[in-house]
Amino acid sequence: MSTAQAPPSDLAPRVLSNDPDDHETPHGREEEWRFTPVAKLGDFFESGQRGSVTATESEFVTMTPAEADPSTVEKDAHWVASDLPSALARTNATSIVSISIPAEREVDDIVVVDLTGSEKLNYGRIEISAGAFAKATVVLRLDMTTDVSGIVVTDVADQADLTVLALYDGPRTSRHVWQWATTVGRDASFLGLAIALGGSIIRLQQNVRYAGPGGSAELLGAFLASDEQFQEFRIFVDHNEPHCVSNVVFKGALSGAQAHTVWIGDVRVRREAVGIETYELNRNLLLNDGPRADSVPNLELETGDVVSAGHASATGRFDDEQLFYLQSRGITEELARQLVVRGFFVEVLDKVTDADLRRDVIRRIEERIGMDAIEQQLTDVDA
Amino acid sequence: MSTLQITDLHASVVTDAGETPILKGVDLTVESGRTQAVMGPNGSGKSTLAYVIAGHPKYTVTQGSITLDGEDVLDMSVDERARAGLFLAMQYPIEVPGVSVSNFLRTSATSIRGEAPKLRTWIGEVKEAMAGLQMDGAFAERNVNEGFSGGEKKRHEILQMSLLKPKIAILDETDSGLDVDALRVVSEGVNRFQEDSGAGVLLITHYTRILRYITPDVVNVFAGGRIVETGGPELAEVLEADGYERFADLAKA
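Residues numbered from 1 in each chain as written. Chains lettered and ligands numbered in written order. Predicted model: local features only at pLDDT ≥ 70, side-chain atom pairs only at ≥ 80, totals over all residues. Heavy atoms only, no water.

Quick rundown of the pattern of salt bridges? Include the residues and the values.
Residues and elements named next belong to chain A. Evaluation of the coordinates by the stated rule reveals 37 salt bridges over all chains. A salt bridge links Arg-359 to Asp-356; the shortest N-O distance between them is 3.2 Å. With Arg-359 and Asp-356 both in helix α5 (residues 355–369), this residue pair falls 3 residues apart, about one helical turn. By the burial criterion, Arg-359 is exposed, and Asp-356 matches it. Residues joined in a network through salt bridges with shared partners are Asp-143, Asp-169, Asp-360, Arg-363, Arg-364, Glu-367 and Arg-368. (Salt bridge = Lys/Arg side-chain N within 4 Å of Asp/Glu carboxyl O. Helix = DSSP H or I, 4+ residues; strand = E, 2+ residues; numbered from the N terminus. Buried < 20%, exposed > 50% of the residue type's maximum accessible area, 1.4 Å probe, protein only.)

Following this line, the structure appears as C-alpha cells:
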C-alpha cells in the first residue's frame with residue numbers, strides 16, 4: 001500500500017541518471033536486488049577501465065565511438081540509466097554497437113549480430129532503431145566467453161515492426177548483467193525474445209514503454225537452468241499510453257539441486273493508459289527435486305478503464321501422468337521426459353517465425369537437454 | 001499366439017492416507033484372437049485392473065502375478081510392457097502440450113518396432129489408419145489430446161492401437177462418452193484391428209451398448225475387486241435387463 005510519502009508508483013525506478021555516482025551500490029537487501037547473488041557480481045558495481053563489447057560491421061550494423069551526450073536513439077527512446085550497472089555501462093563503454101533499420105525499409109534477411117568482448121569484464125552499449133514503417137528481425141548472439149555488463153536501448157518508431165531475439169548461450173562460466181529498454185512507437189510492434197541457456201549468472205532487466213497509442217509489445221522468454229546456473233528476468237512494462245497491448249510469456253525448465261531462476265513481471269498501467277490490454281505469464285517446470293524458481297507477477301492499475309489485464313504464474317513438478325501416458329506407448333522414460341520438456345517450450349518457440357532461426361534455437365535447447373539422440377534415431381532411417 | 005495370464009492379482013492404491021486394497025484376487029486369461037469383456041458397476045475396480053496391467057505407478061501389487069507368454073509383466077517398466085506387446089486404450093487420455101500427434105505416433109512406433117518406420121510408407125500407413133477411423137488429416141498436426149473432444153480422444157487411442165499393433169490390447173471404457181456414430185466407428189476400428197492382427201482384447205466397460213458392435217467370447221462380471229461371474233455373450237443381456245444390483249452382495253463377500 002502506498003503512503004503519502006511514497007513515490008507515485010511502487011514499480012517505477014526511483015533514480016534516473018546516467019551518472020554512476022547518483023546510484024547506490026546494491027547490497028542485496030533492495031527490492032530490485034533481493035534475489036540476485038550480488039556477492040558474486042562485485043566487479044559489476046565498481047567503476048573501472050574494462051573492455052567494450054564489439055560486433056562486426058555490416059549493412060545495418062556500425063560501430064561508433066561513445067560520447068557522454070545522449071545519443072539520438074537514447075533521446076528517441078527517452079532512455080536514462082536507472083541503476084548502477086546500467087549507468088556504469090553507459091558511462092564506461094568506449095563504443096556503441098549501433099543496429100539501425102532505415103524508415104520504410106523491410107529487411108527480409110535476419111540481421112545477425114555476434115557480440116564479443118575483449119577483456120574479462122566488458123561494458124556493452126547496444127542501440128537498435130527501427131525507423132517508421134520499417135520491418136526487421138535482429139538476432140543478438142551472446143555466445144561470448146567473457147563477462148558482460150550491458151545495455152540495449154531500442155527505439156521502435158511509428159508503425160515499425162521489430163523482432164529482437166537475444167540468445168544467451170555462452171559457457172557456464174560467463175556472467176551477464178543486461179538492461180534491455182525498448183520504446184514502442186505509435187501503432188508499432190515489438191517482439192522481444194530472450195533465450196537463456198548458458199552462463200553462470202544471467203540477470204536481464206527488460207523495460208518497455210510506449211511513445212504513442214496503438215503500440216504492441218510482446219516479451220517472450222525460454223530459459224533452461226541446470227547445475228548451479230542462476231537466471232533472473234525482471235520485466236517492467238510501463239503502460240503510459242492509451243490503447244496499447246503487452247503480452248509477456250516466460251517459460252523455464254530447471255534441473256539440478258542448485259539451479260535458481262527468478263521471474264519478476266511488473267506491469268504499471270497509468271491513469272492515462274485507457275483501453276489497454278496486458279497479460280503476463282510465467283510457467284516453470286521443475287525436472288527434479290532441488291531447483292528453486294521464484295516467480296512474482298505485479299500488476300499496478302491506476303485506471304480501471306482497460307480492455308483486459310491479467311497475469312498467471314505457476315511452478316510445477318514434472319507431470320507423472322504425461323510420463324505414464326508416453327511410456328505406455330513404449331517410449332522410454334528418458335525420451336518421454338525430453339519430449340515433454342521440448343513440448344513445454346513450443347508456445348514460445350512457435351513465435352520465432354523464421355524457420356531456420358527456429359530450428360537453430362530448438363537445436364541449441366535440445367543440445368542442452370540431450371535431445372539429439374532421438375532426432376538421430378528418427379532421421380537415420382530416412383537418410 | 002499370445003497369452004496374458006492374470007493369477008490371484010491383489011493390488012492397492014497408495015495415497016497420503018495410506019494403502020487401500022482395490023483388486024482382491026483377479027484371475028483372468030486373455031488369448032490371441034479372443035475378446036474378454038469385463039463389466040462392472042462404478043467403483044468395482046475394473047479400471048484399476050487396466051492400470052495395474054499397464055504398470056501405473058499409483059498402484060502397488062501386493063499378491064499374485066501377471067505374465068505375457070510366460071514373461072513376468074510385473075517385473076517390467078511401463079515402456080517395457082508396451083514393447084512386450086501390451087497396449088492400454090485409456091478412459092481418460094492425457095494431454096501432452098507441445099507434442100504433435102504425428103511426432104508422438106512416430107516416436108511411439110519407433111520405440112515399439114525398435115527402428116524408425118521409413119517415412120514414405122509411414123505416412124501412408126498413418127493416413128490409411130486415420131481414414132479408417134474417419135479422422136481428418138489435420139488431426140496429426142494438433143497436440144496430443146489437447147482440446148480433443150471425447151470422441152476424438154477415443155479415436156486417437158484406437159488409432160495408436162492399430163499402428164502399434166500390440167499382442168494384447170486392453171480397452172478401458174473406450175465406449176464411455178461416445179455418441180452412437182462415434183461408437184460404431186471406434187468399434188469397427190477395434191474389430192478391423194483384431195481381424196488383421198489376431199490380437200487378444202480385454203474390453204472393460206460399464207455399459208452393454210458396445211457389445212452390440214464388438215462380440216465378446218467371454219463376459220466377466222467384476223464387482224468388489226474381483227470377477228464374480230463368468231459366462232457367454234448372453235450374460236451381457238442379463239446385465240442389460242437386470243443391471244448390477246444382484247452383484248452388490250457378492251461384492252461385499
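I'd love a proper account of the pairing of strand β6 (residues 86–89) of chain B, names of residues and values included.
Residue and element names in this part refer to chain B. Alternating positions in β6 separate into two faces, Leu-86 and Leu-88 on one and Phe-87 and Ala-89 on the other, with burial throughout. Pairing between β6 and strand β9 (residues 168–172): 4 bridges, direction parallel. Within β9, the position partnered with Leu-86 by the bridge is Ile-168. (Pairing = 2+ DSSP bridges.)

Go over the side chain of Asn284(A), please, and point to the residues and values.
Residues and elements named next belong to chain A. Position of Asn-284 relative to the elements: it lies in strand β16 (residues 277–286). For Asn-284, the side chain forms a polar contact with the side chain of Asn-282, separated by 3.0 Å. Within the structure, the side chain of Asn-284 is placed 3.1 Å from the side chain of Thr-315, a separation counted as a polar contact. Apart from the residues lying within four places of it in its own chain, the contact partners of Asn-284 are Phe-223, Gly-252, Leu-254, Thr-261, Ala-293, Ser-295, Ala-314, Thr-315, Gly-316 and Phe-344. (Polar contact = N/O pair within 3.5 Å; in protein donor to acceptor, adjacent residues only side chain to side chain. Contact = heavy atoms within 4.5 Å.)

Explain the interface of chain A and chain B residue by residue, including any values.
Listed as interface residues are 23 residues of chain A and, on the opposing side, 38 residues of chain B. Buried area between chain A and chain B, both sides added, is near 2500 Å², and the carbon and sulfur share of it is 64%. The tally of links between chain A and chain B comes to 1 salt bridge. For the salt bridge of Arg329(A) with Glu157(B), the shortest nitrogen-to-oxygen distance reads 2.6 Å. Taken together, the links from chain A to chain B amount to 10 residue pairs in polar contact (both at pLDDT 80 or more). Among the elements of the structure, α3 (320–327), α4 (333–349) and α6 (372–380) of chain A are those that each provide at least two residues to the side of chain A that touches chain B. Sorting elements by how many residues they give to the side of chain A that touches chain B places α4(A) first, with 8 residues. Looking at the side of chain A that touches chain B residue by residue, the classes come out as 11 nonpolar, 7 polar and 5 charged. (Buried area = accessible area lost by both parts, 1.4 Å probe. Nonpolar A, V, L, I, M, F, W, Y, C, P; charged D, E, K, R; others polar.)

Which residues make up the sheet that holds strand β4 (residues 59–68) of chain B, and what are the values?
Think of a sheet as strands paired side by side through backbone hydrogen bonds, with each pair either parallel or antiparallel. All names here are of chain B. What the 4 strands build is an open sheet, ordered β2-β1-β4-β5; its pairing is antiparallel. Edge positions in the open sheet fall to β2 (18–31) and β5 (71–72), since each of these has one partner strand only. Bridge analysis of strand β1 (residues 3–15) against β2 gives 11 bridges, and the strand direction is antiparallel. Among the inter-strand pairings, Thr-3 is bridged to a residue of β2, identified as Glu-31.

Please set out the sheet that holds strand β6 (residues 135–142) of chain A residue by residue, giving values where relevant.
All names here are of chain A. If you walk across this open sheet you meet the 8 strands as β4-β6-β8-β10-β12-β14-β16-β18, and the pairing is parallel. Looking at strand neighbours, the two that pair on one side only are β4 (111–114) and β18 (308–317), the edges of this open sheet. Taking the axes of each pair of neighbouring strands and ignoring which way they run, one obtains an average angle of 10° across the sheet. Here strand β8 (residues 161–168) pairs with strand β10 (residues 189–196) via 8 bridges, running parallel. Its bridge partner being in β10, Val-164 is matched across the sheet by Gly-192. With respect to the sheet, α4 is in contact with β10, β12 (216–225), β14 (245–254) and β16, its orientation differing from that of β14 by roughly 160°. (Axes fitted to C-alpha atoms, helices over the stretch in contact; angles between N-to-C directions.)

So, the packing of helix α3 (residues 101–113) of chain B against helix α5 (residues 150–164) of chain B: which residues are in play, and what are the values?
All names here are of chain B. Between α3 and α5, the least distance of the axes is 10 Å, while the angle of their chain directions is 35°. You can see that α3 and α5 cross each other, and the crossing is right-handed. For the pair α3 and α5, contact is made by Val-101, Phe-104, Leu-105, Ser-108, Ala-109, Ile-112 and Arg-113 and by His-156, Leu-159, Gln-160, Leu-163 and Leu-164, respectively. Residue composition of the contact of α3 with α5, grouped by class: 8 nonpolar, 3 polar and 1 charged. (Left-handed = near helix turned anticlockwise from the far one by under 90°.)

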